[in-house]
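Reading the structure
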Amino acid sequence: MHSLERVTGGLARAGQSHVLQFWPELCEAERAGFLQELSQLDLPGLRDHCEGAARAAAATAARLDRQMEPVPPESIGSTRKSDEDSLAMWGDEGLLQISASRVGVLLLAGGQGTRLGVRFPKGLYDVGLPSRSSLYQIQAERIHKVQDLADRKHGSRCSVPWYIMTSEFTLAPTETFFKENDYFDLEPSNIVLFEQRMIPAVTFDGKVILQGKGKLAMAPDGNGGLYQALEDHKVLEDMQQRGVQYLHVYCVDNILVRMADPVFIGFCVTKGADCGAKVVEKAYATEPVGVVCRVRGVTQVVEYSEIQPETAELRGPGGELVYSAGNICNHFFTRAFLQDAAASYKDQLKQHVALKKVPYLDASGRQVTPSTPNAIKMERFVFDVFPFSRNFVVFEVEREEEFSPLKNADGLTADGPTADSPTTARNALLAQHCRWVTAAHGTLLDEDGNPLPPRASASAVNKPPARCEISPLVSYSGEGLEELLRGRTLQTPLLLDEKRAKELQMNRAL
Ligand code: UTP
């Protein structure tokens, strides 16, 4: 059948004929482009998608309070509470797996970053560190370093392949950025970019939205689109060919992310887990983050909207929150689990509703920029596969060491800089590096030449103690600094990159 006829019929059956309202006004080239876009839609599933979205948006969130229980202690590891020997053993196990090239990292980078409000992918963002590194550069250098740590310990020449899920919005600029930066000296064949699917945004009464006369308003299908994308692009086959067995999955915007963290990997492998989540303790009971817990005996992430404040406030005997395991989108999966997820679980994942402001063309052909949400975007989340895990573990880490996401544009609130902004991300990293210097028995001088107090203040997100940045090529998580810095006094601003580290080493040797 002619594709226009097929598309017209499919749209009519889905109750979406308005999509072709402006067809007579389009020129040949516009028609060809639009027809191609429409041909890629899942037309048989379109009615369900639109009606389902409208129904889901009208429904109130289910309350899960009565069925919830915390993850049992035997499935939890913690950088704060586990003993030093266990942490060292997990770190060793992780490095061993990395040295055998059995570990890959998988980045979720298909989001549109609407809150940050930039027109390029978030990974390209420079938060204003002394090095002016982008998030991608920081991540690439951490891959270099973790490979190097594993190779030094085991005499190997390993690689940690970097799988990057992009979307229609982020694929081309991400590819260009990596090329322009010579893949940050990583082996280009070890960086695998692939694209997730897009789905139409829908009005509250279940109609597909036109963005232009020959263009639908489409959005990526959420970071849980990963499982479909893995299948679409045969990514799991690539992992299998390379012998990758374990994946560290993470979000693009956490400036403190520990790529292929050996301790986390080692903990999950030692416990025989198929699936794991790094969490941070919730900052306060009603903090709007998802909580990793069990519901009717099955592990899942419960959104803050799904529980009553009194449940969020529940406390244990020591005064600690019962539901404190804040999800930070930092996960471990075995390849075998991902294979099952892509083959069977993905079609059973629930869909989440996001209400957004989406510019549209009204029935008279006028462009409208709404000031309140007018559109439903349906999304799947990467963590929605947790309930299928047979052995799920949780690893609790310290927020100030491992979690500072970049979500919002810079701004000021009564309490200081806007939360989760370029300023807070930058400050979190600088404060961490000041702490590393102190732990290595070095002294930093502030810009007036005064020694800094030994411990960085708790208000580091508002103002870091000094501008001190340590390149990931010098240290992954604070290791190796003592031999360089013990007893030394260093002026800030300081960028301790490889060159500076070599100079310090040479001076020491003299
Ligand atoms: P967020 O939910 O924070 O979304 O994504 P975002 O796109 O970065 O920002 P907003 O909400 O538009 O302001 C968390 C992680 O999931 C990825 C993002 O790139 C980020 O790493 N993501 C999100 C995808 O990979 N695909 C998606 O469809 C959505």
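Residues numbered from 1 in each chain as written. Predicted model: local features only at pLDDT ≥ 70, side-chain atom pairs only at ≥ 80, totals over all residues. Heavy atoms only, no water.

1. Describing helix α6 (residues 171-180)
As a reminder of what qualifies: Working definition: with a 1.4 Å probe on protein chains only, accessible area under 20% of the residue-type maximum means buried, over 50% means exposed, and in between means partly exposed. The way it works is that DSSP assigns letters per residue, a run of H or I at least four long becomes a helix, a run of E at least two long becomes a strand, and they are numbered from the N terminus. Think of the arc as the fan of directions from the helix axis to the C-beta atoms.
Residues Leu171, Thr174, Phe177 and Phe178 constitute the buried set of α6. The buried residues of α6 all sit within an arc of 135° when viewed along its axis, so they share a single face. The exposed residues of α6 that point more than 90 degrees off its buried face are Lys179 and Glu180. Aspartate 182, located one to two residues past α6, shows a positive phi value of around 50°.

2. Considering the site of the ligand
Condition: The cutoff for a nearby residue is simple: one of its non-hydrogen atoms must lie within 4 Å of the molecule or strand. Two N or O atoms count as a polar contact when they lie within 3.5 Å, although within protein this holds only if one can serve as hydrogen donor and the other as acceptor, and sequence-adjacent residues are included solely when both atoms are side-chain atoms. For the area figures, the Shrake-Rupley method with a 1.4 Å probe applies, and any residue is considered shielded solely by the protein chains shown.
If you check the shell around the ligand, you find 17 residues, and the closest are Leu108, Gly110, Thr114, Gln196 and Lys407. In the model, an oxygen atom of the ligand is placed 3.0 Å from a nitrogen or oxygen of the lysine 122 side chain. Valine 252 is positioned with one of its backbone polar atoms (N or O) 3.0 Å from an oxygen atom of the ligand. Starting from 570 Å² of accessible surface for the ligand in isolation, the protein chains cover 87%.

3. Considering empty space enclosed by the protein
Note the following rule: Using only the protein atoms, space was sampled on a 1 Å grid; points where a 1.4 Å probe fits but cannot get out form cavities, open sets with protein on both sides within 12 Å along at least five of seven lines form pockets, and lining residues are those with an atom within 4 Å of a point. Grid points are joined across faces, edges and corners, and a volume is the space filled by probe spheres set on the points. Throughout this entry, Asp, Glu, Lys and Arg are counted as charged residues, while Ala, Val, Leu, Ile, Met, Phe, Trp, Tyr, Cys and Pro are counted as nonpolar. The remaining residues, Gly among them, count as polar.
Per the counting criterion, the structure on display carries 1 cavity of 30 Å³ or more. When its volume is computed, the largest cavity comes out at roughly 70 Å³. If you go around the largest cavity, the residues you meet are Arg142, Leu256, Val257, Arg258, Glu401, Gln432, His433, Trp436, Ile470, Pro472, Ser475 and Tyr476. If one sorts the elements of the lining of the largest cavity by residue count, helix α13 (residues 422-439) sits on top with 3 residues. Its residues assigned to classes, the lining of the largest cavity shows 6 nonpolar, 3 polar and 3 charged.

4. Digging into helix α11 (residues 335-343)
The test is simple: Contact between two residues is taken to exist if any of their heavy atoms lie within 4.5 Å; hydrogens are not considered.
Every buried residue of α11 is listed here: Arg335, Phe337, Leu338, Ala341 and Ala342. Projected onto a plane normal to the axis of α11, the buried residues spread over an arc of 155° and lie on a single side. Check the buried side of α11 and you find it contacts α7 (226-232), α8 (235-242), β10 (246-251), β11 (275-281) and β14 (325-334).

5. Quick look at the side chain of lysine 145
Along the chain, lysine 145 turns up in helix α5 (residues 135-154). The exposure class assigned to lysine 145 is buried, which follows from its relative accessible area of 10%. Within polar-contact distance, the side chain of lysine 145 engages the backbone oxygen of leucine 473 at 3.3 Å. Look past the residues within four positions of lysine 145 in its chain and what remains in contact with it is Pro472, Leu473, Val474, Ser475, Tyr476 and Glu479.

Remember that the coordinates give geometry; whether it matters functionally is a separate question.
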